[in-house]
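Structural overview for review
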Amino acid sequence: MWIKNLIVYLGDDAFSFSVGELDQILADNRCQPCGSQTLSTEGFVPPLKGQDPMVYAVEGFIYCTYQQTTRLLPGPVIKELLDEKVEHIQDEEGRKVGRKEKAELKEQITFELMPRAFTRSRRTNLLIDTQRKRVLVDASSATRAEEVVACLRKAIGTLPVAYPAPNSAPYTSYSNWLRDTRLLPEGFTLGDRCELKGTKDEGATVKFTAVDLGQEEILAHLETGMVVTRVNLAWQDSLELDVNDKLEIKRIKALDVLQENIDTLDADDAVAELEARISLQGSVLREALDGLFGYFEVNPA
């Protein structure tokens, strides 16, 4: 277990379910195999293959895994078969195939191919912080994260969480941090990556990697009216991460202090290792989010 990306949802009230209740709820909403005519299924699976528990609870964190299984029907394959059928009809019957008939032929082809299509399963891990009333989704896109949260909400029946709503535009603060590092939230230091965007209609974008973020070239871009929409930060020598102007966190990496603790874990006991990782990364993420969200006075949208 290692969370690489993070989209966070915040709640106003304490979560109403216990660990045991959630384990049973997710077991009742397990991701099922795709039937012969099913395009996709979704639900939850045990985080550890070969183990029964649907959730693992450690120090106020609940860890679980969402899965979506999809039948793969490549568009070019369907198009090629459709073109062949249309051509055959036109040659044999001497007539054009209309739009409605093409749609019906496409549906027929899809139906015939479905039982033979391969399936692909994609897993997304969630870390529910019951102490802070946060749902942390290990997803790189908001669309994917919303699918996961929607499935969890449907399974539970209610899940009053929403996207973070900062009290001010994060890009303004990011730009100020590059101008003066003393303005950074306590515990954070600047890394070596950032992305700037223009505020004019053309929306120019400039990315900097492996550089001193306080160098004159970057500051000159800020003076032209560009703003920082993504910045690389370090949290107390434990985590490195990128945060964007929606407070979505990307490219989470363990730094020396945390990595030393991870390296000492017992890899021979899968359950013990998973629970230790939940505790280690979860506690550091909790503290980092406390600092970042506290700085922006974040509330649920």
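Residues numbered from 1 in each chain as written. Predicted model: local features only at pLDDT ≥ 70, side-chain atom pairs only at ≥ 80, totals over all residues. Heavy atoms only, no water.

Our focus in this paragraph is the packing of helix α2 (residues 75-93) against helix α3 (residues 99-113). How two helices pack is summed up by the angle between their axes together with the distance between the axes. Following both chains from N to C, one finds α2 and α3 inclined at 125°, their axes separated by 10 Å at the closest point. One way to sum up the angle between α2 and α3 is to call them oblique. In this structure, the crossing between α2 and α3 has a hand that is right-handed. Counted together, Val77, Ile78, Leu81, Leu82, Lys85, Val86 and Ile89 of α2 and Glu101, Lys102, Leu105, Lys106, Gln108, Ile109, Thr110, Glu112 and Leu113 of α3 form the full contact between these two elements. (Axes fitted to C-alpha atoms, helices over the stretch in contact; angles between N-to-C directions. Helix = DSSP H or I, 4+ residues; strand = E, 2+ residues; numbered from the N terminus. Parallel < 35°, antiparallel > 145°, perpendicular 65-115°, else oblique. Left-handed = near helix turned anticlockwise from the far one by under 90°. Contact = heavy atoms within 4.5 Å.)

Now for the side chain of Ser238. When you line up the elements, Ser238 lands in the loop between β11 (227-235) and β12 (239-244). Here Ser238 falls in the buried class, since its relative accessible area comes to 10%. The residues touching Ser238, leaving out its near neighbours within four places in the chain, are Lys253, Ala254, Leu255, Val257, Leu258 and Val284. (Buried < 20%, exposed > 50% of the residue type's maximum accessible area, 1.4 Å probe, protein only.)

Attention shifts here to the environment of Leu265. Of note, Leu265 is situated in the loop between α7 (256-263) and α8 (270-295). Between the C-alpha atom of Leu265 and that of Ala276, which follows or precedes it by 11 residues, the distance is 7.3 Å. Beyond its immediate stretch of four places on either side in the chain, Leu265 contacts Glu273, Ala276, Arg277 and Leu280.

Moving on, we get to the pattern of salt bridges. In the structure shown here, the tally under the stated rule is 16 salt bridges. Between Asp180 and Arg182 there is a salt bridge, with its nearest N and O atoms 3.0 Å apart. The exposure class assigned to Asp180 is partly exposed, which follows from its relative accessible area of 21%. Asp242 is the partner of Arg230 in a salt bridge, and the nearest nitrogen-oxygen pair spans 3.5 Å. Highlighted residues: Arg230 in strand β11 and Asp242 in strand β12, separated in sequence by 12 residues. (Salt bridge = Lys/Arg side-chain N within 4 Å of Asp/Glu carboxyl O.)

Here five strands make up an open sheet; going across it, the order is β10-β9-β11-β12-β13 and the pairing antiparallel. Because the sheet does not close on itself, it has two edges, and the strands there are β10 (205-209) and β13 (249-254). Pairs of neighbouring strands in the sheet enclose a mean axial angle of 20°, with direction left out of account. Sheet contacts for helix α5 (residues 170-179): β9 (188-197), β11 and β12; angle to β11, the most-contacted strand, approximately 65°. (Pairing = 2+ DSSP bridges.)

As a further point, take the pairing of strand β6 (residues 134-137). Residues in a regular strand project their side chains so that they alternate between the two faces of the sheet. Where burial is concerned, the two faces of β6 agree: the one with Arg134 and Leu136 and the one with Val135 and Val137 are both buried. Sheet topology note: the strand β5 (residues 119-129)/β6 ladder contains four bridges and is antiparallel. Within β6, the position partnered with Leu126 by the bridge is Val137. Between β5 and β6, which follow one another and run antiparallel, lie four residues, and Lys133 among them has a positive phi close to 55°.

Below, the discussion takes up the packing of aromatic side chains. Applying the stated criterion across every chain yields a total of nine aromatic pairs. The interplanar angle of 20° and the centroid separation of 5.6 Å between the aromatic rings of Phe15 and Phe17 together place this pair among those described as stacked. Judged by relative accessible area, which is 14%, Phe15 ranks as buried. Between Trp177 and Phe296, the aromatic rings sit 6.1 Å apart at their centres with planes inclined by 45°, giving tilted as the arrangement. Note that Trp177 is positioned in helix α5 and Phe296 in the loop between α8 and β14 (299-300), a separation of 119 residues in sequence. Exposure class is identical for Trp177 and Phe296. Each is buried. An aromatic cluster of three or more residues is present, and its members are Tyr174, Trp177, Tyr295 and Phe296. (Phe/Tyr/Trp six-rings, centres within 6.5 Å; stacked < 30°, edge-to-face > 60°.)

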